[in-house]
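Observations on the three-dimensional arrangement
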Amino acid sequence: MEGKESPERANLSSPSTSQTASGVFSHFQPYARSKGPILALGTLAAASAVIPSTVVRPNVYFPPYLHRVGFSLVFGGAAYVLAAGDARNGSGIATAWSLTYLFLHLRRSLKPPFYPITFAMTAGTAACAALYGTEYFMYQI
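Thresholds, definitions, all that
Residues numbered from 1 in each chain as written. Predicted model: local features only at pLDDT ≥ 70, side-chain atom pairs only at ≥ 80, totals over all residues. Heavy atoms only, no water. Helix = DSSP H or I, 4+ residues; strand = E, 2+ residues; numbered from the N terminus. Expected span 1.5 Å × (residues − 1). Buried < 20%, exposed > 50% of the residue type's maximum accessible area, 1.4 Å probe, protein only. pLDDT = per-residue confidence, 0-100. Contact = heavy atoms within 4.5 Å. Polar contact = N/O pair within 3.5 Å; in protein donor to acceptor, adjacent residues only side chain to side chain. Core = buried A, V, L, I, M, F, W, Y, C linked by side-chain atoms within 4.5 Å. Patch = residues over 30% accessible without salt bridge, like charges linked within 9 Å, V, L, I, M, F, W, Y side chains within 5 Å. Areas by Shrake-Rupley, 256 points an atom, 1.4 Å probe, with all protein chains shown as cover. Salt bridge = Lys/Arg side-chain N within 4 Å of Asp/Glu carboxyl O. Phe/Tyr/Trp six-rings, centres within 6.5 Å; stacked < 30°, edge-to-face > 60°.

When the terminal C-alpha atoms of helix H4 (residues 65–83) are compared, their 27 Å separation across 19 residues agrees well with the 27 Å that a helix rising 1.5 Å per residue should span. Taken residue by residue, H4 has Arg68, Phe71, Ser72, Phe75, Ala78, Ala79, Val81 and Leu82 as its buried positions. The positive-phi residue at the C-terminal boundary of H4 is Gly85, with phi of around 100°.

Here you go:
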């Protein structure tokens, strides 16, 4: 065992593998490495879970209750990972689950008539997918 480093020490001594953005994204990169945007989206999804679907008119799309609760928990988990300092995995989780939400709900939530919370959740999810996706796919090696 002499001469070998423990896995914990090897991880601490490895250099950061992220790049600093230049150009337009350099203004947004601090947000892409913070928990703020995804935590706000998770809070919006959790707040929408309180609204019963009977409040919405019958021809307006509103995501199912379990989707609203589930995505709020997943987005909160991504915020926790980002808050712990793991920008690589946190941005990956935020990107993957944001794209999953958009895959499930984008088309139906953009058909008129709109419901403001559904539209806000879709717009926020698209913004988080773009923000964290750019960080994950472009600036993380």
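Our focus in this paragraph is the confidence of the model for the chain. In this model, the chain carries an average pLDDT of 83, and 77% of its residues clear a pLDDT of 70 or more. Model confidence for the chain, summarised as mean pLDDT per element, is weakest for helix H1 (residues 7–13) at 42 and strongest for H4 at 96. Per-residue pLDDT stays below 50 along residues 5–16; that stretch engages in two contacts with residues further than four places along the chain or on separate chains.

With that settled, consider the side chain of Ser98. Here Ser98 shows up in helix H5 (residues 87–109). Polar side-chain contacts of Ser98 include one of 2.7 Å to the backbone oxygen of Ala94. Aside from chain neighbours lying at most four places away, what touches Ser98 is Ile38, Phe75, Thr125, Cys128 and Ala129.

With an omega dihedral of 0°, the bond running from Pro112 to Pro113 counts as a cis peptide bond. By secondary structure assignment, the location of Pro113 is in the loop between H5 and helix H6 (116–138).

By size, the foremost hydrophobic cluster in this structure holds 15 residues, and its most contacted members are Ile38, Leu41, Phe75, Ala94, Cys128 and Tyr132. Mapped by element, the contributors of at least two residues to this core are helix H3 (36–48), H4, H5 and H6. Of all the elements, H4 adds the most residues to this core, at five residues. Setting aside chain neighbours within four positions, we find Ile38 in contact with Phe75, Ala78, Ala79, Leu82, Ala94, Ser98, Cys128 and Tyr132. Ranked by size, the runner-up nonpolar core spans five residues in total, among them Ile51, Val56, Val60 and Phe62.

As for its placement among the helices and strands, Asn59 is situated in the loop between H3 and H4. For the pair Asn59 and Phe114, spaced 55 residues apart in sequence, the C-alpha separation works out to 9.6 Å.

To continue, consider a nonpolar patch on the surface. A cluster of nonpolar residues, Leu106, Leu110, Phe114 and Phe119, forms a patch on the protein surface that exposes about 350 Å² of accessible area. Here Leu106 shows up in helix H5. We classify Leu106 as partly exposed; its relative accessible area is 35%.

For the rest of this paragraph, the subject is the side chain of Thr95. Among the secondary structure elements, Thr95 is positioned in helix H5. There is a polar contact of 2.7 Å between the side chain of Thr95 and the backbone oxygen of Ser91. When near neighbours in sequence (up to four residues on either side) are disregarded, Thr95 contacts Ala129, Tyr132, Gly133, Tyr136 and Phe137.

Throughout the structure, instances matching the rule amount to six aromatic pairs. Aromatic side chains Phe114 and Phe119 sit 5.5 Å apart centroid to centroid with 50° between the ring planes, which places their arrangement in the tilted category. By relative accessible area, Phe114 is classed as partly exposed at 44%. Note on Tyr136 and Phe137: the rings are 5.0 Å apart at their centroids and 85° apart in plane angle, and the pair reads as edge-to-face. The exposure class of Phe137 is exposed, given its relative accessible area of 59%. Every member of this aromatic cluster is reached through a ring pair, and the members are Phe71, Phe75, Trp97 and Tyr101.

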